[in-house]
Amino acid sequence: MRDQAVEKKERASQKYKKRSSLMSIWRQLRKNKGAILGIILLVLIVGVALGSPYIFNYEEQVIANNIKQRMQPPSAEHWFGTDDMGRDIFARVCYGARYSLAVGVIAVMFALVFGVTLGAAAGYIGGVFEDVTMRVCDIFSSIPSVLMAIAVVSALGKSTFNLMIAVGIASTAPFIRVARAAVLTIRGEEYIESARAIGSPEWLIVVSHILPNCVSQIIVQATLRVGSAIISAAQLSFLGLGVPAPAPEWGSMLSAGRAYIRDYSYMTLYPGIAIMVTVLSLNLIGDGLRDALDPKLKR
Amino acid sequence: MYRYIIKRLLMVIPVLLSVAFIIYAIMDVAEGDPVYSVVSADASEEEIAAQREAMGLNGSLVERYFRYVKGMLTGDLGKSYVSKRDVMQTYLTRLPNTLMLSFVTMIVALGISIPLGIIAAVNQNSIKDTVSMIMALLGLSMPNFWLGLLLIIVFSLKLGWLPSGGYEDGIRSIILPAFTIGAGLAAFMTRSTRSSMLDVIRQDYLRMARAKGVPERKIIRKHALRNALIPIITVFGVQFSNVLGGSVLAETVFAWPGVGRLVVDAIDQRDIPTVTGALVMTTMLVTIVNLLIDIVYAYVDPRIKSQYVK
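## Let's talk about the overall build of chain A
Each helix and strand in chain A was counted, giving twelve helices and zero strands. Its helices and strands in sequence order give chain A the pattern α-α-α-α-α-α-α-α-α-α-α-α, from N to C terminus. The buried share among the 299 residues of chain A stands at 43%.

Have a look at this one:
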């Protein structure tokens, strides 16, 4: 009887512990209608991105020219119409989700790993290293990010991978700032001092005590940054510096549509909507996460 | 105050030098070895070396960089590979167009965002607030060049009200590009104005003003907005760099003869001296504008100054 009571109590406390971290974020997020809409939209877009190779034949439907079918307005057969090469715009928009999401996520992962490492090190080590890192960070933020990315792409050459690198470099500075600020506030806490007192090595303190405590801020930053990275990537492709043709990238589709804007304006409509909906879903989730993690900000 | 200004001015020198170096080094990688595109195929070693020296490409990266900076101090950014004209002169003829576009953009952005942010904050959680916030979110999620294309479709092609590009029509040509860049900025600023106003509205001195019987309009205008504006100004300063970045896209969409299009065209033609010069000058402009804003800000808020001068 007594054992059961103890067990029940333990189970309750375990439940409580779990709820206090991930669950409580989810409970907050669930109340936010915008965030739910964002999650639904993002799941749909990711589904389209993952599913499109099974629905469309890349060689025949996405990149093959079909001049007979050129410039067809939206119809039952071609939902979004066809482009100047006679390619189905619906198939291309769906396939384009793969490029945009991949470029956005990989560029931000690059920025995150690089930025968080530098920022956390700067905040933890301090001194000259911190000064130099933060100055370099200031310098990078004073270069407009589009121009920075343009310079990097023209240095490395046009390719999808270089586009990721360029967008990644242009979005590193915010991660350095966030990680450093988070480490600075946590560094002074008592549990860090006690970890040091029992002889934990410095790197272990950073990895297992400091970083987990700033994960939430970094996740919020990363979610919002993926959205802006997708826009930057589309901008570069629009300027002809991104994913090379004939790949169905949304920005380069808009660039192609621009030439026919007078007579075939539908060509510029759908890729833009696709970019906007994708970025909107990420912004909704990012805003929702920020409110859920820091209720003080919510009003 | 003077000590603060001098200190900030001195601090900006290494920043400017490093910005120039980063761009110079990146563009140096981009360049490859342009000598071979100039000399004939059967040129001798000496001819190549002479040509290299004539183009200012001999020596290590650091040597060339210092030569570049030395030239920059006398207003010499080298010559364009394509037009053979002086890069500085080309840049200076383009710069006023971009500055004018940025100026109108900022007026558009402020004109939309401050009233919208105030209305949203004053009527918090009302339908007006929700609609403003949804508009701001859409504005933030929309790629600016796509908005530009949509504006062309609606206002030049369908309605025929405004020109779809060029600069011949004066103020009429500037409206669409300014909205294209300004929409995203306005969206961002609406959100910051709202949250800054919400912070201020809760302060005791507003309750005090209300208790004294000051009319609500006057409370918002004189007491709330003035205090809320301080953080908004800083945000606005940081955004100047984004406006210049955005102008690259808007100038391409609307064929606006500014610095942004100069860079894009020069990249197409692999005209490296022009790209380097324009990028270096633009980032310097951003740095200097940010410095000026910091100084103005320190003038307004003495707490900032005390961080630098003890």
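## Quick look at the overall build of chain B
When helices and strands are tallied, chain B shows 13 helices and zero strands. The order of helices and strands in chain B, counted from the N terminus, is α-α-α-α-α-α-α-α-α-α-α-α-α. Its C-alpha atoms give chain B principal-axis dimensions of roughly 90 × 60 × 30 Å. Put simply, of all contacts in chain B between residues at least 6 apart along the chain, 71% involve residues at least 24 apart.

## Regarding helix 4 (residues 61–73) of chain B
Helix length check: helix 4 of chain B, at 13 residues, gives a terminal C-alpha distance of 18 Å against a target of 18 Å (1.5 Å per residue), a fit within 8%. At the exit of helix 4 of chain B stands Gly75(B), carrying a positive phi of roughly 80 degrees.

## Details of unusual backbone geometry
All names here are of chain B. Positive phi, normally seen in glycine, also occurs at Asn125, with a value near 70 degrees. Along the chain, the position of Asn125 falls in the loop between helix 5 (87–122) and helix 6 (127–141). With 9 C-beta atoms packed within 10 Å, Asn125 lands in the exposed category. Phi is positive for Ala255, close to 50 degrees, though the residue is something other than glycine.

## Description of the interface of chain A and chain B
Contacts between chain A and chain B engage 32 residues on the former and 40 residues on the latter. Put simply, the parts of the chain that give the side of chain A that touches chain B at least two residues each are helix 5 (127–142), helix 6 (145–156), helix 10 (202–238), helix 11 (250–258) and helix 12 (270–293) of chain A. Counting residues per element, the side of chain A that touches chain B draws most heavily on helix 6 of chain A, which supplies eight residues. Taken together, the residues of the side of chain A that touches chain B sort by class into 19 nonpolar, nine polar and four charged.

## Digging into the nonpolar core
Core analysis: the largest hydrophobic core is formed by 145 residues, its most contacted members being Ala149(A), Ile150(A), Val167(A), Ala179(A) and Val263(B). The element best represented in this core is helix 4 (residues 89–125) of chain A, accounting for 18 residues. Shared between two domains, this core holds at least three residues of each, these being domain 1 (2–73) and domain 2 (87–309) of chain B. Those residues within four positions of Val263(B) in sequence are excluded, and the remaining contacts are Ile150(A), Val248(B), Val275(B), Ala278(B) and Leu279(B).

## Considering the environment of Gly257(A)
All names here are of chain A. As for its position among the elements, Gly257 is in helix 11. Separated by ten residues in the primary sequence, Gly257 and Met267 place their C-alpha atoms 5.0 Å from one another. Leaving out residues up to four positions away in the same chain, Gly257 has contacts with Met267 and Thr268.

## Overview of helix 11 of chain A
In an α-helix, one turn spans 3.6 residues; hence positions three or four apart end up facing the same way. Of all nine residues making up helix 11 of chain A, eight are buried, and the element is well covered by its neighbours. Within helix 11 of chain A, the full set of buried residues consists of Trp250(A), Gly251(A), Ser252(A), Met253(A), Leu254(A), Ser255(A), Ala256(A) and Gly257(A). Contact partners of the buried residues in helix 11 of chain A: helix 4, helix 10 and helix 12 of chain A together with helix 7 (144–158) of chain B.

## Things to note about the packing of helix 5 of chain A against helix 8 (residues 172–187) of chain A
Residues and elements named next belong to chain A. Two elements in contact, helix 5 and helix 8, have axes separated by 9 Å at closest approach and are oriented at 145 degrees. As for the relative orientation of helix 5 and helix 8, their crossing is left-handed in sense. Contacts between helix 5 and helix 8 involve Thr133, Cys137, Phe140 and Ser141 from the first element and Ala173, Ile176 and Arg177 from the second. Its residues assigned to classes, the contact of helix 5 with helix 8 shows four nonpolar, two polar and one charged.

## Examining the domain arrangement of chain B
Residues and elements named next belong to chain B. You can read the domains of chain B as domain 1 (2–73) and domain 2 (87–309). Counting from both sides, the interface comprises 16 residues of domain 1 and, opposite them, 15 residues of domain 2. Residue classes in the side of domain 1 that touches domain 2 are distributed as twelve nonpolar, no polar and four charged.

## Side note on the packing of helix 10 of chain A against helix 11 of chain A
All names here are of chain A. At a minimum axis separation of 7 Å, helix 10 and helix 11 run at an interaxial angle of 40 degrees. Regarding the angle of helix 10 to helix 11, the classification is oblique. Helix 10 and helix 11 meet at a crossing whose hand is right-handed. Taking contact as the criterion, the partners of Ala233, Ala234, Gln235, Leu236, Ser237 and Phe238 in helix 10 are, on helix 11, Trp250, Gly251, Ser252, Leu254 and Ser255.

## Section: the confidence of the model for chain B
Residues and elements named next belong to chain B. When pLDDT is averaged along chain B, the result is 81; 90% of the residues meet or exceed 70. The secondary structure element of chain B with the lowest average pLDDT is helix 13 (residues 302–305), at 62, and the one with the highest is helix 6, at 89. Model confidence for the complex is summarised by a pTM of 0.84, with the ipTM given as 0.81.

## Quick word on the environment of Phe188(B)
Residues and elements named next belong to chain B. Along the chain, Phe188 turns up in helix 8 (residues 171–201). Along the backbone, Phe188 and Ala228 are 40 residues apart, and their C-alpha atoms lie at a distance of 15 Å. Apart from the residues lying within four places of it in its own chain, the contact partners of Phe188 are Leu140 and Gln239.

## Let's talk about the environment of Thr133(A)
All names here are of chain A. Position of Thr133 relative to the elements: it lies in helix 5. By the C-beta count within 10 Å, which is 18 here, Thr133 ends up partly exposed. Each C-alpha atom of the pair Thr133 and Gly123 lies 9.8 Å from the other, and the pair is ten residues apart in sequence. Once residues lying within four places of it in the same chain are set aside, the contact partners of Thr133 are Leu118, Ala122 and Ile176.

Rules of the game
- Residues numbered from 1 in each chain as written.
- Chains lettered and ligands numbered in written order.
- Predicted model: local features only at pLDDT ≥ 70, side-chain atom pairs only at ≥ 80, totals over all residues.
- Helix = DSSP H or I, 4+ residues; strand = E, 2+ residues; numbered from the N terminus.
- Buried ≥ 20, exposed ≤ 12 C-beta atoms within 10 Å, placed from the backbone.
- Contact = placed C-beta atoms within 7 Å.
- Expected span 1.5 Å × (residues − 1).
- Nonpolar A, V, L, I, M, F, W, Y, C, P; charged D, E, K, R; others polar.
- Core = buried A, V, L, I, M, F, W, Y, C linked by C-beta atoms within 7 Å.
- Domains from an automatic or database assignment.
- Axes fitted to C-alpha atoms, helices over the stretch in contact; angles between N-to-C directions.
- Left-handed = near helix turned anticlockwise from the far one by under 90°.
- Parallel < 35°, antiparallel > 145°, perpendicular 65-115°, else oblique.
- pLDDT = per-residue confidence, 0-100.

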